[in-house]
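Architecture and fold: a report
Residues per chain, in single letters:
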2 protein chains.
Amino acid sequence: MEKAGLLLRASIISIGNELLSGDTIDTNAAYLSKQLQLLSIPRVSGYTVSDDILEVVKALKSASDEADVIIVVGGLGPTDDDITREAISEFCNCKLVLNEEILKKIKGFFDLRGGKMPPTNEKQTYLPEGAQALPNRIGTAPGIKIEFEKTLIYAVPGVPSEAQDMFEASIKPDLERLEGRKPVSVRYLSCFGMSESQIAHLLSGRMERGRNPLVNITASGGVKTLCINSVADTREKADENAEEEQKNIAEILGNVVFSKEKETLAQATAKKLKQFHKTIAVAESCTGGLIGKLLTDIPGSSDYFKGGIIAYNNESKIEMLNVPLELINKYGAVSKEIAEAMAKGALKNFDTDCAISTTGIAGPTGATPDKSIGLVYICVVWDDKDYVERCNFPPDRETVRYLAANYALNLLRLKLLI
Amino acid sequence: MEKAGLLLRASIISIGNELLSGDTIDTNAAYLSKQLQLLSIPRVSGYTVSDDILEVVKALKSASDEADVIIVVGGLGPTDDDITREAISEFCNCKLVLNEEILKKIKGFFDLRGGKMPPTNEKQTYLPEGAQALPNRIGTAPGIKIEFEKTLIYAVPGVPSEAQDMFEASIKPDLERLEGRKPVSVRYLSCFGMSESQIAHLLSGRMERGRNPLVNITASGGVKTLCINSVADTREKADENAEEEQKNIAEILGNVVFSKEKETLAQATAKKLKQFHKTIAVAESCTGGLIGKLLTDIPGSSDYFKGGIIAYNNESKIEMLNVPLELINKYGAVSKEIAEAMAKGALKNFDTDCAISTTGIAGPTGATPDKSIGLVYICVVWDDKDYVERCNFPPDRETVRYLAANYALNLLRLKLLI
């Protein structure tokens, strides 16, 4: 990707063998990307490299072809494997020089803790010539800022709290002063009940690459999140275009859209329950407590969630949810009738306005000739009515359980809309 | 980094604007890196690129200079922004050709769900010429395997469950057959109840970098997993060294170690329940179904898990768990006495051999002058005895809930050992 004239672009270089080995998940890159997007300096590339000077130099070369702003994360510590200072000075063709101010600060850091500066920390007092130190308010490692051939290079420590604090305190105000930033607005649509390809089909042209606004889809647990990115000359125009696109897509997709924010189905359903001052209970068989867990993930859920029964065997369905034994004998535990009886039992026992239930076969065992893995009956009881649906989910235990939980929450949401 | 003659090296290319924007954290790269390390094919670099053919081709070029094995993650879906197929065929100088077998499979996938294959999914039936399709047992997108100029290129979907399943089922067995790998043996120790720094302190020299066997710690939900990596000239020697180290460390850490495998506390506790032919029920207040969820994540959990009550308010504790109202009035719902009464209520109502309960303040609201956020009472009832513990967890809702759930499972595990 060529550097664009008008729009500023960013790249992130993450350094560390612990990232390459998978022992550490790179959360810094995600955090910094989000921050850069809010500053209208979208990230266009990312590199993960080992604690090796030549590797970092190679990544700096490649990133400087693509981006105007590069943030290097990690490798600023005091040990032998910390090589970011060396790599930046190599890339910028300059030497490392002692910085008296940093020396004083690091000595002060150890003084305050009643110790002497260990010799290993001396390393941290050197900076590439012409670079500026970024203060570290949490640890000892100072950050680095240097400009080289029109590319602005920042280096921050790999410890997430230090990286975030340094970005907030030093880099963000710096970037906000840069010219050439075009306002970017981001809006979301959270959807359930339609496949990625169906959504893409309905939206067709709107998802084309290079389009502005640009629309992306991500999927998790059956939830599809659409992210609408709009770039314009002014903040107002960017907002307006993003919201216009959001509105148009929401109209096309109809009630598949459960939120105009990026949120979970439990959050969206919980909002509806709160809005209508309704309480809920759950009766879970194959989901085994997952729906309760998802609803109580939300702070303040005791306002609407009263509780539930995890009825994992027949006896608990009979004893705790008053499901008639004859019904189980007649239809089997995985049936429309049992789902209905379970939801009604929860509604009654917890004295709530609505209840949801699940009964199904999550696998890998438990399938019968006429009931295969992935078959789940889901029931919502609400306002003296009940709605049961028969679902066939892909036969993977985790998938079945998450899809069933979200399907149940979505069914309730749809019924609450009526 | 030059390709090495003897040791195989890997690179990962993660594709997706949602990664660059920070909307999604790249957990696939960490998972795959760990798996590659276990196969003695260490990852030497990583690229994060946008949904843009030229960008992916550029990353493929760079990665093929460094690595013998490249895994491309994402961009295999049915929409316009899915460009991995195109990028690989561009990089390998070959065209995309229709694969009849894939077409049949995808049509079958939709048939099973009673729908027709949407036209957008047609895209997924094309593969670079000479490539092999890797079956997807969860979704529609098949993976890709192709060899180009001595570099082995795999492409897997970005959905984590699909990426992992495809790696396990198709890529891992494939890579295990490659020559040039030195035998690596990996052993695990799963621990609970000791901090990372306490463990590091007890193990001191054993955790030094560059050591063989190499010991790493990762932490999640209070569980610390020690990974012991041993490299040797023969498989037998590598196994022997890893097992020797595992044995020594297990002795040092004592009953903090809950498993000699990499498993969850729910899995380890479930094994004990099965071993002793005991059944369990749960009574959850602040964990809201999470313990039930964790226990039923495990296939075959109906052998020992009968069910539970999510008692999120006082009424449900009274009605569904027979907790005396006077007890709540006297001690408050978050108390030793209520935890005990809840566990006993679950034991009785579900007629099980043991039961666990939680009652606490997950926050952010609900604290009182003498009961702060993070306070949780946990009770295990077992063999006519009950054990209650008062815990103070860090005051973050998610942390409180996961630590409480795992603490409860661990308490049961420890009592089952007696």
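1. Re the sheet that holds strand β10 (residues 214–220) of chain B
All names here are of chain B. The strand order across the open sheet formed by 4 strands is β10-β11-β9-β12, and the pairing between neighbours is antiparallel. The open sheet terminates on both sides in strands that have one partner only, identified here as β10 and β12 (257–259). Strand-to-strand twist in this sheet, taken as the mean axis angle between neighbours without regard to direction, amounts to 35°. The pairing of strand β9 (residues 184–192) with β12 spans 2 bridges and is classified as antiparallel.

2. Observations concerning helix α13 (residues 336–350) of chain B
An ideal rise of 1.5 Å per residue puts 21 Å on 15 residues; α13 of chain B measures up with 21 Å between its terminal C-alpha atoms. Residues of α13 of chain B that are buried: Ile338, Ala339, Glu340, Ala341, Met342, Ala343, Gly345, Ala346, Asn349 and Phe350 of chain B.

3. Some points on the nonpolar core
Counting 78 residues, the largest nonpolar core has Ile280 and Ile356 of chain A together with Ile280 and Ile356 of chain B as its most contacted members. Contact partners of isoleucine 280 of chain B, with chain neighbours within four places excluded, come to Leu273, Leu295, Tyr304, Phe305, Lys306, Gly307, Thr352, Cys354, Ala355, Ile356 and Leu412 of chain B. Membership of the second largest hydrophobic core comes to 61 residues, among which are Ala63, Ile70, Phe91 and Ile153 of chain A.

4. Some remarks on unusual backbone geometry
Omega for the peptide link from asparagine 212 of chain B to proline 213 of chain B comes to 5°, which places this bond in the cis form. Along the polypeptide, proline 213 of chain B turns up in the loop between α7 (196–203) and β10. Residue proline 364 of chain B is bonded to the preceding glycine 363 of chain B through a cis peptide linkage, with omega at 0°. Along the polypeptide, proline 364 of chain B turns up in the loop between β15 (354–360) and β16 (375–382). For lysine 150 of chain A, which is not glycine, the phi torsion reads 70° and is therefore positive. Structurally, lysine 150 of chain A is set in the loop between β7 (143–148) and β8 (151–156). Despite not being glycine, asparagine 322 of chain A shows a phi value in the positive range, around 55°. Secondary-structure assignment places asparagine 322 of chain A in the loop between α11 (314–321) and α12 (325–331). By relative accessible area, asparagine 322 of chain A is classed as partly exposed at 44%.

5. Overview of the pairing of strand β1 (residues 10–15) of chain A
As a general feature of sheets, a regular strand has side chains that alternate between the two faces. Residue and element names in this part refer to chain A. Burial analysis of β1 places 6 of its 6 residues in the buried class, the great majority of the element. Alternating residues of β1 divide into Ala10, Ile12 and Ser14 and Ser11, Ile13 and Ile15, and every residue in both groups is buried. When β1 meets strand β3 (residues 69–73), the two strands line up parallel, connected through 5 bridges. Across the sheet, serine 11 pairs through a bridge with isoleucine 70, a residue of β3.

6. Side note on the pairing of strand β11 (residues 223–231) of chain B
Residues and elements named next belong to chain B. Burial analysis of β11 places 8 of its 9 residues in the buried class, the great majority of the element. In terms of strand pairing, β9 meets β11 through 9 bridges, oriented antiparallel. The residue bridging phenylalanine 192 from the neighbouring strand is valine 223, located in β11. Across 7 bridges, the pairing between β10 and β11 is antiparallel. Its bridge partner being in β11, leucine 214 is matched across the sheet by asparagine 229.

Calculation notes
Residues numbered from 1 in each chain as written. Chains lettered and ligands numbered in written order. Predicted model: local features only at pLDDT ≥ 70, side-chain atom pairs only at ≥ 80, totals over all residues. Heavy atoms only, no water. Pairing = 2+ DSSP bridges. Helix = DSSP H or I, 4+ residues; strand = E, 2+ residues; numbered from the N terminus. Axes fitted to C-alpha atoms, helices over the stretch in contact; angles between N-to-C directions. Expected span 1.5 Å × (residues − 1). Buried < 20%, exposed > 50% of the residue type's maximum accessible area, 1.4 Å probe, protein only. Core = buried A, V, L, I, M, F, W, Y, C linked by side-chain atoms within 4.5 Å. Contact = heavy atoms within 4.5 Å.

Fair warning: the whole summary comes from geometry, so function is off the table for now.
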